[in-house]
There are 2 protein chains.
Amino acid sequence: MKPVKIGLLGLGTVGGGTVSVLANNAAEIARRAGREIQIAHAAARAYDAGAIDGLERIGRIGDDAFAVVEDPEVEVVIELIGGYSPARELVLRAIENGKHVVTANKALIALHGNEIFAVAREHGVTVGFEAAVAGGIPIIKAVREGLAANHIEWVAGIINGTGNFILSEMRDKGRDFADVLAEAQALGYAEADPTFDVEGIDAAHKLTILGSLAFGIPLQFERCFTEGISKIGALDVAYAAELGYRIKHLGIARRGEQGIELRVHPTLIPERRLLANVDGVMNAVLVKGDAVGPTLYYGAGAGALPTASAVVADLVDVVRTLTTDPSNRVPHLAFQPDELADTPVLEMEAVETAYYLRLSALDQPGVMARIASILGEHGISIEAIKQQEPGEGETHVPLVMLTHRVRERQMNAALAQIEALDSVQGEIIRIRVEMLSG
Amino acid sequence: MKPVKIGLLGLGTVGGGTVSVLANNAAEIARRAGREIQIAHAAARAYDAGAIDGLERIGRIGDDAFAVVEDPEVEVVIELIGGYSPARELVLRAIENGKHVVTANKALIALHGNEIFAVAREHGVTVGFEAAVAGGIPIIKAVREGLAANHIEWVAGIINGTGNFILSEMRDKGRDFADVLAEAQALGYAEADPTFDVEGIDAAHKLTILGSLAFGIPLQFERCFTEGISKIGALDVAYAAELGYRIKHLGIARRGEQGIELRVHPTLIPERRLLANVDGVMNAVLVKGDAVGPTLYYGAGAGALPTASAVVADLVDVVRTLTTDPSNRVPHLAFQPDELADTPVLEMEAVETAYYLRLSALDQPGVMARIASILGEHGISIEAIKQQEPGEGETHVPLVMLTHRVRERQMNAALAQIEALDSVQGEIIRIRVEMLSG
């Protein structure tokens, strides 16, 4: 089947990330989507060619965005230039030309979404905007499809990474708002003009979208209450902690008896809540449905590759719709049935992890040395050890060790030898250790 | 448009929940799906009629499950009887009859999914199984669609609520495995025969499915390594805590250089990880993609209504596919464009929250009383108060209060009066408080 031809508007941070993801994961994405995806035509005023992997795969790069949306070869337009204008005109023109659209532009959707969706409906095309809310977290798909059975009661989210980074730093280091903001700007987490982030306008765009998805109301950005975090002092962060709370900049959409609440403001939340423990630039959205109860979605809310992840997910959705019959739109096992791999599933003995070990050893000189030496012979190094004094009249003591990573095969061999020692009693308890980090 | 006719197999916990969700949220679900959903024909050996809301909406209830899958009126079959047989035969027969299928049966999919999906493909129907993994959390949709741009590196999940409840109780109360298991059985969180849960078989079914979705390999339950939690002692939980870890029963699927790891076993994970803080019967799945980084999905992994939430989400997916043209399959704002509501978005003054207040007050008798009395006059009661001794030479002290919930309008009026007091200096800092609970 012929590749799907894409038009790309913008080669900045997210545009560059999208080019890279489509290049790096091309084969895997095609195995999922059922068809190759090719960027036939891109437009950007200026871009950093050296910083973008896969730029050479783009059919044509020009500087006229309107030429892309008029290009008859292009089937799907990805809008990543941001702002209201000419983004609005470009998106509307693409739709009028019968092209599907994918955008990461939250401001555009929050303010002009009602108009854009109406025109898309007339022309029978899809507008994907997963990347507009909470970056790489598939929260729009979760609310719009995954929770479709629910009467949604409320949504509460940390949906601006810059603001969350500032509040996290204020809390961790006891620092002041202005001080942390300056650092965030130096690190590139905050813009030179931080108003959109710290005054909550960016979060209000996203909350407007979430509120409409949750409650089935038209987008009404102008009705969203917005308060920033610039008045929060180090003193407030400290008092909140003393009272058992953390301060987070939340977007809250709630369905009440009189109407719908749409509000972005700093909020004290109990420190034991998962949402209270979402720190740094990470985002998270908590959704309360009447059937499912609370569900939470966590991940990177910004950045080139996480945002590109959402853009390309929307693109795969469109390609699947264009390519297969509706009943097989999403392949049962995520990849097209003919594209499943025969990668072997490993025996447990071939798996490498770190280990926690607990055994009961005779409290006698040389026993520990013997155990350590058996571990060493099997290439197992000890990271931490805990040994207790024996109680009155006890001959054996519990010995607890954490090891570095090693193949299960070696660990099995070592444990068999250790269990065979006269100085070791009973079975060794072995629990695998995983750091679950990047 | 005519309602979509559903056949339902099983009126147990999840079957009953599904009937209730479809009854209670009928209007909202139809506004999302584009069509009403009607249970035309259900089959169950025995059921508790008094415990199921909406039973009267079912067209016909019999005791012959095969009659349902042969019923020409039925377009979609929901299989909620569980087990391998006759579930497999019923699902295959439904598919052969051209009916779409939705199932919550993880054992069936993990063991017979390859066969079932192949037959479904031949007959051009969809088999939805969102409810088979992690109950109400839309994790299958997230992995299969939301993260489609990613090369997935690993998936790690708490995917059995019973096991997680036991480990959480062991940690919180320092209790032993057997002791907590007995309680879990009494509470109905664990089956009389707890083998499937505590020995990790249930988790292995789910992990097998997640691994296939993440890596595009056929379902291979027989290759999944499975170790239960019954050997974990109170001592291990305590030692793990001393070392900065928590013990969780995880399902881990990881793509390595030699092959794919599929393993369910107790695991020590660092205590600061969000996954380490998922307690009780809740489930959570952490997915690491190369573009998006780590994302986490949290919610109820079992129970009548949460599982029904996933069953009905699959059903809405099918109905949307049956009903609208592919480009408008999922309405942009979740609800069909003609079904958006005109529910008003409230003014902030009409919103009710609790408040944190910080102000600078003259350190003088009667000042606090005056402030409290103004708050009282506006119907605002104080939940907690913190007042500091003044420093050397200071005339004003910071005064911090938490209030009970009240309308913003009353708070605004009260704060205006308090700010006008001579004994209060500068602006009052006001931060809203939300408990984010049920």
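As annotated in an unreviewed UniProt entry, chain A carries the name Homoserine dehydrogenase and comes from Marichromatium purpuratum 984. For chain A, the Catalytic activity (unreviewed entry) comment in UniProt is given as "L-homoserine + NAD(+) = L-aspartate 4-semialdehyde + NADH + H(+)".

Visitor: Looking at this model, I keep getting lost on the overall build of chain A. Mind explaining?
Guide: Of regular secondary structure, chain A possesses 14 helices and 17 strands. Each of the three principal axes of chain A carries a C-alpha extent, and together these read 85 × 60 × 45 Å. Across the 438 residues of chain A, 60% fall into the buried class. Within chain A, residue pairs in contact and separated by at least 24 positions form 69% of the contacts whose partners lie at least 6 positions apart. Charge separation in chain A, taken as the distance between the mean sites of 39 positive and 58 negative side-chain charges, equals 4 Å.

Visitor: I keep staring at the interface of chain A and chain B and nothing clicks. Help me out?
Guide: Much of the literature gives interface size as the accessible area that the parts lose upon coming together. Taken together, the contacts link 144 residues of chain A with 144 residues of chain B. Across the interface of chain A and chain B, roughly 12,100 Å² is buried in total on both sides, 58% from carbon and sulfur atoms. Looking at the side of chain A facing chain B, the largest losses of area belong to A:H332, A:V345 and A:L436, adding up to 7% of the total buried there. Our count for the chain A to chain B interface comes out at 22 salt bridges. Of the charged contacts, one joins B:R121 and A:D338 as a salt bridge, the two residues approaching to 3.0 Å between their closest N and O atoms. Applying the counting criterion to the chain A and chain B interface returns 60 residue pairs in polar contact (both at pLDDT 80 or more). Of all the elements, strand β10 (residues 260-270) of chain A adds the most residues to the side of chain A that touches chain B, at 10 residues. For the side of chain A that touches chain B, a count of residues per class yields 78 nonpolar, 30 polar and 36 charged. As judged from the two bridges shared by β10(A) and strand β17 (residues 424-433) of chain B, these two strands associate in the parallel manner. When the sheet's bridge partners are listed, A:T267 is paired in β17(B) with B:R432.

Visitor: Quick question: what am I supposed to make of the nonpolar core here?
Guide: A general trend in soluble globular proteins is that nonpolar side chains are found buried together. A:I139, A:I209, B:I139 and B:I209 are the most contacted members of the largest nonpolar core, which has 120 residues in total. Among all residues touching A:I139, those that are not within four sequence positions of it are A:E130, A:V133, A:A134, A:L210, A:V285, A:V287 and A:Y297.

Visitor: Is there a simple way to explain a nonpolar patch on the surface in this structure?
Guide: On the surface, a nonpolar cluster with roughly 260 Å² of combined accessible area is contributed by A:Y84, A:L111 and A:F196. Position of A:L111 among the secondary structure elements: in helix α5 (residues 106-123).

Visitor: How do you make sense of empty space enclosed by the protein when you look at a structure like this?
Guide: Once rolled over the atoms, a probe with the size of a water molecule shows which space is left empty. Using the criterion set out here, one finds six cavities of 30 Å³ or more in the structure. As a volume, the largest cavity reaches approximately 220 Å³. At the level of secondary structure, the elements contributing two or more residues to the lining of the largest cavity comprise β6 (127-128), α6 (139-146) and α12 (304-323) of chain B. Residue classes in the lining of the largest cavity are distributed as five nonpolar, five polar and eight charged. There is about 190 Å³ of room inside the second largest cavity. Surrounding the second largest cavity, 15 residues form its lining, A:T126, A:R144, A:D317, A:T321 and B:R329 being those nearest its centre. Those elements that provide at least two residues to the lining of the second largest cavity are α6 (139-146) and α12 (304-323) of chain A. By residue number, the principal contributor to the lining of the second largest cavity is α12(A), which donates four residues.

Visitor: Can you help me understand the environment of A:A87 in this one?
Guide: Residues and elements named next belong to chain A. Inspection of the secondary structure puts A87 in helix α4 (residues 87-96). Take A87: its relative accessible area is 0%, and that puts it in the buried class. Along the chain, A87 and G146 lie 59 residues apart, while their C-alpha atoms are 30 Å from each other. Beyond its immediate sequence surroundings of up to four residues, A87 is in contact with E79, I81, G82, N105 and L108.

Visitor: Can you help me understand the sheet that holds strand β3 (residues 61-62) of chain A in this one?
Guide: Two pairing modes exist for strands in a sheet, parallel and antiparallel, and in both the strands are linked by backbone hydrogen bonds. Residues and elements named next belong to chain A. Taken in spatial order, the six strands of this open sheet run β3-β2-β1-β4-β5-β6, and their pairing is parallel. Only two strands of the sheet have a single partner each, and these edge strands are β3 and β6 (127-128). Pairing analysis gives four bridges linking strand β4 (residues 76-79) to strand β5 (residues 100-103), with the strands arranged parallel. The partner of V77 across the bridge, within β5, is V101. Together, β1 (4-9), β2 (37-43), β4, β5 and β6 form the strand contacts of α12, whose direction differs from that of β5 by roughly 165°.

Visitor: Explain the UniProt feature "active site" (unreviewed entry) in chain A here, please?
Guide: All names here are of chain A. Taking the numbering used here, the UniProt-annotated feature "active site" (unreviewed entry) corresponds to K206. Mapped onto the elements of the fold, K206 is located in helix α10 (residues 201-215). K206 sits in the buried class, given a relative accessible area of 4%.

Visitor: Even after reading the chapter, I still don't get the relation of the copies chain A and chain B, so can you show me in this structure?
Guide: The pair of chain copies shares a relation made of a rotation about an axis and a shift along it. Under the fitted operation, chain A is carried onto chain B by 0.0 Å of movement along the axis and a turn of 180°, and the coordinates agree to an RMSD of 0.0 Å. Considering both components of the superposition, the chain copies are consistent with a two-fold axis. Identified as the residue of chain A closest to the rotation axis by C-alpha distance is A:Y297, at 2.4 Å. The fraction of interface residues of chain A whose copies in chain B are also interface residues reaches 100%, indicating that both copies meet through the same surface.

Visitor: Which parts of the structure should I look at to understand helix α11 (residues 234-242) of chain B?
Guide: Residues spaced three or four apart along an α-helix face the same direction, because each turn holds 3.6 residues. Residue and element names in this part refer to chain B. Of the residues making up α11, those classed as buried are D236, V237, Y239 and A240. Down the axis of α11, the buried side of the element spans an arc of 165°, and every buried residue falls inside it. G244 lies just past α11 and shows a positive phi near 90°.

Visitor: When you look at the domain arrangement of chain A in this model, what are you seeing that I'm missing?
Guide: All names here are of chain A. Parsing chain A into structural domains produces domain 1 (4-135 + 305-339), domain 2 (139-299) and domain 3 (348-433). Using only C-alpha atoms to locate each centre, domain 1 and domain 2 end up separated by 27 Å. Contacts between the two partners involve 15 residues from domain 1, matched on the other side by 14 residues from domain 2. Sorting the residues of domain 1 by area buried against domain 2 places A110, E130 and V133 first, and these three jointly supply 36% of that buried surface. Between the two partners, domain 1 and domain 2, sit one salt bridge. The interface formed by domain 1 and domain 2 includes six residue pairs in polar contact (both at pLDDT 80 or more).

Visitor: Honestly, the pattern of salt bridges in this entry has me stumped. Any pointers?
Guide: Any two side chains of opposite charge can pair, on the condition that their charged atoms come close. If you walk through the whole model with that rule in mind, you get 71 salt bridges over all chains. The partner of B:R263 in a salt bridge is A:E434, with the nearest N and O atoms 2.8 Å apart. Of the two residues, B:R263 is situated in strand β10 (residues 260-270) and A:E434 in the segment after β17 (424-433); the pairing between them involves two chains. Side by side, B:R263 and A:E434 carry an identical accessibility label, which is buried. For B:R88, the salt bridge is made with B:E89, and the minimal N-O distance between the two is 3.2 Å. Since its relative accessible area comes to 23%, B:R88 is described here as partly exposed. The class of B:E89 is partly exposed, set by a relative accessible area of 30%.

Visitor: Quick question: what am I supposed to make of the pairing of β5(A) here?
Guide: Every regular strand shows the same layout, with side chains that alternate between the two sheet faces. Residue and element names in this part refer to chain A. Going residue by residue along β5, you find H100 and V102 tucked away on one face and V101 and T103 tucked away on the opposite face as well. Regarding the hand of the β-α-β motif, the stretch spanning β4, α4 and β5 is right-handed. Pairing geometry for β5 and β6, over two bridges, is parallel. Counted as the bridge partner of V101 is V127 from β6. At this point the chain moves from β5, through α5, to the parallel β6, and the crossover so formed is right-handed.

Calculation rules
- Residues numbered from 1 in each chain as written.
- Chains lettered and ligands numbered in written order.
- Predicted model: local features only at pLDDT ≥ 70, side-chain atom pairs only at ≥ 80, totals over all residues.
- Heavy atoms only, no water.
- UniProt positions renumbered as here; feature names shortened; annotations may be inferred.
- Helix = DSSP H or I, 4+ residues; strand = E, 2+ residues; numbered from the N terminus.
- Buried < 20%, exposed > 50% of the residue type's maximum accessible area, 1.4 Å probe, protein only.
- Contact = heavy atoms within 4.5 Å.
- Lys, Arg positive; Asp, Glu negative; His and termini not counted.
- Charge placed at Lys NZ, Arg CZ, Asp CG, Glu CD.
- Buried area = accessible area lost by both parts, 1.4 Å probe.
- Salt bridge = Lys/Arg side-chain N within 4 Å of Asp/Glu carboxyl O.
- Polar contact = N/O pair within 3.5 Å; in protein donor to acceptor, adjacent residues only side chain to side chain.
- Nonpolar A, V, L, I, M, F, W, Y, C, P; charged D, E, K, R; others polar.
- Pairing = 2+ DSSP bridges.
- Core = buried A, V, L, I, M, F, W, Y, C linked by side-chain atoms within 4.5 Å.
- Patch = residues over 30% accessible without salt bridge, like charges linked within 9 Å, V, L, I, M, F, W, Y side chains within 5 Å.
- Areas by Shrake-Rupley, 256 points an atom, 1.4 Å probe, with all protein chains shown as cover.
- 1 Å grid on protein atoms, 1.4 Å probe; cavity = no way out; pocket = protein on both sides within 12 Å on 5 of 7 lines; lining within 4 Å.
- Points joined across faces, edges and corners; volume = space filled by probe spheres on them.
- Axes fitted to C-alpha atoms, helices over the stretch in contact; angles between N-to-C directions.
- Least-squares fit on C-alpha atoms with pLDDT ≥ 70 in both.
- Arc of directions from axis to C-beta.
- Domains from an automatic or database assignment.
- Right-handed = clockwise from strand over helix to strand, strands pointing away.

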